[in-house]
Amino acid sequence: MTYDRLVCANCASPVSEGRCAVCRAHRERMRQEGPFGGLSPAVLAALAGVLLLALALLVAQAA
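Just so it is clear, the model here is predicted, and its values are computed rather than measured. (Residues numbered from 1 in each chain as written. Predicted model: local features only at pLDDT ≥ 70, side-chain atom pairs only at ≥ 80, totals over all residues. Heavy atoms only, no water.)

Draft legend 1. Quick look at the overall build of the chain. The secondary structure content of the chain amounts to two helices and zero strands. Its C-alpha radius of gyration of 18 Å places the chain more than 25% over the 11 Å reference for a compact globule of 63 residues. Considering only C-alpha atoms, the chain reaches an extent of 60 × 20 × 15 Å along its principal axes. With 63 residues in all, the chain has 14% of them scored as buried. In the chain, the proportion of contacts linking residues at least 24 apart, taken out of those at least 6 apart, comes to 16%. Working note: accessible area of the chain is about 5,000 Å², and carbon and sulfur atoms make up 66% of it. For the chain, the distance from the average position of its 6 positive side-chain charges to the average position of its 4 negative side-chain charges is 4 Å. (Helix = DSSP H or I, 4+ residues; strand = E, 2+ residues; numbered from the N terminus. Rg over C-alpha atoms; globule rule 2.2 N^0.38 Å. Buried < 20%, exposed > 50% of the residue type's maximum accessible area, 1.4 Å probe, protein only. Contact = heavy atoms within 4.5 Å. Areas by Shrake-Rupley, 256 points an atom, 1.4 Å probe, with all protein chains shown as cover. Lys, Arg positive; Asp, Glu negative; His and termini not counted. Charge placed at Lys NZ, Arg CZ, Asp CG, Glu CD.)

Have a look at this one:
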């Protein structure tokens with residue numbers, strides 16, 4: 001989830017505005033995590049598996 005859709009429980013404003021210290025801290029943490037920071041390890045493993053399967057199919061077709 002991106003921080004532009006989150007609402008802060010502390011000040012009830014959008015986190016993207018960074019009105020309070022809680023908003024600013026959460027916004028900074030989400031920036032450091034990157035685009036895949038919110039995904040669970042199971043989803044990341046599934047994505048890696050799909051990527052490996054697609055790569056194996058490409059190699060098999062090329063041979």
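Draft legend 2. Looking closely at the pattern of salt bridges. Within this structure, the stated rule accounts for one salt bridge. In this structure, Glu17 and Arg19 form a salt bridge, with 2.7 Å as the shortest nitrogen-oxygen distance. (Salt bridge = Lys/Arg side-chain N within 4 Å of Asp/Glu carboxyl O.)

Draft legend 3. Looking closely at helix H1 (residues 21-33). Its 13 residues give H1 an end-to-end C-alpha distance of 19 Å, which sits within 8% of 18 Å, the value for a rise of 1.5 Å per residue. With its phi angle positive at about 85 degrees, Gly34 sits one or two positions after the end of H1. (Expected span 1.5 Å × (residues − 1).)

Draft legend 4. Structural view of the side chain of Ser13. Residue position: Ser13 is located in the segment before H1. Setting aside residues up to four positions removed in sequence, Ser13 forms contacts with Leu6, Val7, Cys8, Arg19 and Cys23.

Draft legend 5. Up close: the nonpolar core. In this structure, Leu6, Cys8, Val15, Cys20, Cys23 and Met30 together form the largest nonpolar core, which totals six residues. Setting aside anything within four residues of it in sequence, one finds Cys23 in contact with Cys8, Cys11, Ser13, Pro14, Val15 and Gly18. (Core = buried A, V, L, I, M, F, W, Y, C linked by side-chain atoms within 4.5 Å.)

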